[in-house]
Amino acid sequence: MKYISTRGQAPSLSFEEVVLTGLASDGGLYVPEKLPEFSREEIASWAGLSYQELAFKVMAPFVDGEIPDEDLRGLIDKAYQSFRHQGIAPLVQTGHNEWILELFQGPTLAFKDFALQFLGHLLDYILQKRDQKVVVMGATSGDTGSAAIEGCRRCENIDIFILHPHNRVSNVQRRQMTTVLEDNVHNIALDGNFDDCQNMVKASFADQSFLPEGRQLVAVNSINWARIMAQIVYYFYASLALGGPHRPVSFSVPTGNFGDIFAGYLAKRMGLPIDQLVIATNSNDILHRAISSNDHSKQELHHTLSPSMDIMVSSNFERMLFDLYDRDGAAIAQLMEDFKSGAMHLSDSALSRARELFASHKVDDDRMLEVIRDVFENTEYLLDPHTAIGVDAARATRKDHSIPMVCLATAHPAKFPEAVQKAGQEEDPKLPHHMADLFDREERYEVLPNDAETVHEFMRGHLAC
Ligand SMILES: Cc1ncc(COP(=O)(O)O)c(C=O)c1O
Ligand SMILES: N[C@@H](CCOP(=O)(O)O)C(=O)O
């Protein structure tokens, strides 16, 4: 399997090479040259497999023998050992044919653990084999950071630097990152918003000359293909649990960087019968505007009660555009150039294809709080603010109530006590046992200005391995 860039100019890479990279050298993102496809019969034969067994079936074609099957199975098993629920991704019913897919049963209580527990073990395996040391650099609006740190903290060949927007993540999210005191873990609170953090990371990938000789950057954000690959699995898992592939299933996905819903779109292209794919946004609604009114323009970033989705520049939309434009790298390079100056407009055919593939809906804070209240009153199930946005979008856009609608629960409510309290809950939702003393732990992080020179200087000075 070869991986090619969405901008058509960078060299193609093998699986291991693509895992060890971030952006392509032409600024694009890597995607598989050809997507594996499964027949209905083959998918049906996977009913009843454990999450780990299913993950192997779905991911092996992307790895394409570069890692021996037995080793790949071992990496998958290790990745999901740290999950608190036997089912790994359990489903809970909240309405007529409406389901919540709990993706927060991993160690850091967000869906990011699905890919980042796996990526941590995968990187460790590849780097040990190659006897290579790398620098992991990532941007987070709150959840990727702790999941990446948890995945990489024990990797001897990795120094990890995570940039989060100063004072813009919840206290639980910040502490999940900054209380990890291993020498190879470094947290930077950047004076800016998530887009500034992400820009800094992308610019650093584009010019890595600040690193010591022989070191390279590796991405843990969803620009890294392995993130997307591992997230495809739970679409298959949920569908199989609800009668797929013999009947279609719909998904509603709280969306920011477009990685999670892009994985759902790929599952559909790989043969999984998916009816609706709903893009659910908070007030940072660039993706909803793009689909509903062809307005993909940057606007001021709002700070909302669903801070993990406070994202304006949605990285993985580029991967989607690549398909919408029949994999024309030059067209994507032009669109991304347009976007740099503020806006891009989709062609009529790209827009109509996007509208066939996706529904979209925007949910503001007030409405999100009502949904948390409403679902709790009716079912005693407590949603986190991001999941509540997905539930509202599902209800607003749903076409056929005989088709199961799965709302991805991307985080545990205990990560966002402020929103939960505003929704009228008197008591903060309890952190799981392994995090019970989170607020007693010592923190370590550095507040830095949004300046590449300063950040790079800090990174050079703090390499531990
Ligand atoms: C809790 C939560 N929900 C939803 C999202 C959106 O996911 P994506 O960026 O893959 O669209 C994120 C992060 O972006 C998140 O942390
Ligand atoms: N919500 C994310 C933002 C980064 O997204 P990613 O999927 O590209 O890592 C976060 O919590 O950091």
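Thresholds, definitions, all that
- Residues numbered from 1 in each chain as written.
- Chains lettered and ligands numbered in written order.
- Predicted model: local features only at pLDDT ≥ 70, side-chain atom pairs only at ≥ 80, totals over all residues.
- Heavy atoms only, no water.
- Near = heavy atom within 4 Å.
- Polar contact = N/O pair within 3.5 Å; in protein donor to acceptor, adjacent residues only side chain to side chain.
- Areas by Shrake-Rupley, 256 points an atom, 1.4 Å probe, with all protein chains shown as cover.
- Helix = DSSP H or I, 4+ residues; strand = E, 2+ residues; numbered from the N terminus.
- Buried < 20%, exposed > 50% of the residue type's maximum accessible area, 1.4 Å probe, protein only.
- Axes fitted to C-alpha atoms, helices over the stretch in contact; angles between N-to-C directions.
- Parallel < 35°, antiparallel > 145°, perpendicular 65-115°, else oblique.
- Left-handed = near helix turned anticlockwise from the far one by under 90°.
- Contact = heavy atoms within 4.5 Å.
- Nonpolar A, V, L, I, M, F, W, Y, C, P; charged D, E, K, R; others polar.
- UniProt positions renumbered as here; feature names shortened; annotations may be inferred.
- Core = buried A, V, L, I, M, F, W, Y, C linked by side-chain atoms within 4.5 Å.
- Phe/Tyr/Trp six-rings, centres within 6.5 Å; stacked < 30°, edge-to-face > 60°.
- Lys NZ or Arg CZ within 6 Å of the ring centre and 35° of its normal.

Looking at the site of ligand 2
Item 1. Taken together, the neighbourhood of ligand 2 is formed by 13 residues, with Thr140, Asp143, Thr144, Asn221 and Ser222 sitting nearest.
Item 2. In the model, an oxygen atom of ligand 2 is placed 2.9 Å from a nitrogen or oxygen of the asparagine 257 side chain.
Item 3. Between ligand 2 and serine 308 there is a distance of 3.0 Å, counted from a nitrogen atom to a backbone nitrogen or oxygen.
Item 4. For ligand 2, whose free accessible area comes to 340 Å², the fraction covered by protein is 95%.

Structural notes on the environment of alanine 330
Item 1. Inspection of the secondary structure puts alanine 330 in helix α13 (residues 329–340).
Item 2. According to the relative accessible area criterion, alanine 330 is exposed, its value standing at 57%.
Item 3. Each C-alpha atom, one on alanine 330 and one on histidine 401, is 41 Å from the other, the two residues being 71 residues apart in sequence.

Remarks on the packing of helix α5 (residues 112–130) against helix α9 (residues 225–241)
Item 1. Contact pair α5 / α9: the axes reach a minimum separation of 8 Å and the direction vectors enclose 130 degrees. Between α5 and α9, the interaxial angle falls into the category oblique. Read as a crossing pair, α5 and α9 show a hand that is right-handed. On α9, the residues touching Lys112, Phe114, Ala115, Leu116, Phe118, Leu119 and Leu122 of α5 are Ala226, Arg227, Met229, Ala230, Gln231 and Tyr234.
Item 2. Tallied by class, the residues present in the contact of α5 with α9 amount to ten nonpolar, one polar and two charged.

Side note on the site of ligand 1
Item 1. Of all residues adjacent to ligand 1, which total 16 residues, the nearest are Asp143, Gly256, Asn257, Asp260 and Thr410.
Item 2. At 3.4 Å, a side-chain N or O of lysine 112 approaches an oxygen atom of ligand 1.
Item 3. Within the contact set of ligand 1, an oxygen atom lies 2.7 Å away from a backbone nitrogen or oxygen of asparagine 257.
Item 4. Within the complex, 98% of the 380 Å² of free accessible area of ligand 1 lies under protein.

What about the UniProt feature "domain: Tryptophan synthase beta chain-like PALP" (unreviewed entry) in the protein?
Item 1. The sites that carry the UniProt feature "domain: Tryptophan synthase beta chain-like PALP" (unreviewed entry) are, in the present numbering, residues 94–333.
Item 2. Taken end to end, residues 94–333 is 41% helix and 19% strand, and its two terminal C-alpha atoms sit 43 Å from one another.

Quick look at the UniProt feature "modified residue: N6-(pyridoxal phosphate)lysine" (unreviewed entry) in the protein
Item 1. When the UniProt feature table is mapped onto this chain, "modified residue: N6-(pyridoxal phosphate)lysine" (unreviewed entry) is found at Lys112.
Item 2. Checked against the element boundaries, lysine 112 lands in helix α5.
Item 3. By relative accessible area, lysine 112 is classed as buried at 15%.
Item 4. In this structure, lysine 112 is in contact with Asp143, Thr144, Ala147 and Arg227, ignoring residues within four places of it in sequence.

Brief notes about the nonpolar core
Item 1. In this structure, Tyr51, Phe118, Leu122, Phe236, Phe251 and Leu321 are the most contacted members of the largest nonpolar core, which totals 118 residues.
Item 2. Setting aside anything within four residues of it in sequence, one finds leucine 122 in contact with Phe15, Val19, Ile67, Leu75 and Ala226.
Item 3. Listed in part, the 30 residues of the second largest apolar core include Phe104, Val371, Val391 and Ala409.

Here's the deal with the side chain of arginine 174
Item 1. Here arginine 174 lies in helix α7 (residues 171–178).
Item 2. Overall, the relative accessible area of 16% leaves arginine 174 in the buried class.
Item 3. For arginine 174, the residues in contact, after removing those within four places along its chain, are His164, Val169, Glu443 and Tyr445.

Points about the packing of aromatic side chains
Item 1. Tallied over the entire structure, the rule returns 20 aromatic pairs.
Item 2. Ring geometry for tyrosine 51 and phenylalanine 114: centres 5.5 Å apart, planes at 65 degrees, overall edge-to-face. Remark: phenylalanine 114 occurs in helix α5 and tyrosine 51 occurs in helix α3 (residues 51–63); sequence separation between them is 63 residues.
Item 3. A relative accessible area of 0% places phenylalanine 114 in the buried class.
Item 4. Centroid distance tyrosine 235 to phenylalanine 251: 4.8 Å. Interplanar angle 70 degrees. Geometry classified as edge-to-face. One end of the pair, tyrosine 235, is in helix α9; the other, phenylalanine 251, is in strand β9 (residues 249–254), and 16 residues separate them in sequence. Pair check on accessibility: tyrosine 235 and phenylalanine 251 agree, each one buried.
Item 5. Among the aromatic residues, those joined into a cluster by ring pairs are Tyr51, Tyr80, Phe83, Phe114, Tyr234, Tyr235, Tyr237 and Phe251.
Item 6. For lysine 298, the ring lying beneath its charged end belongs to phenylalanine 339, and the centroid distance is 4.8 Å.

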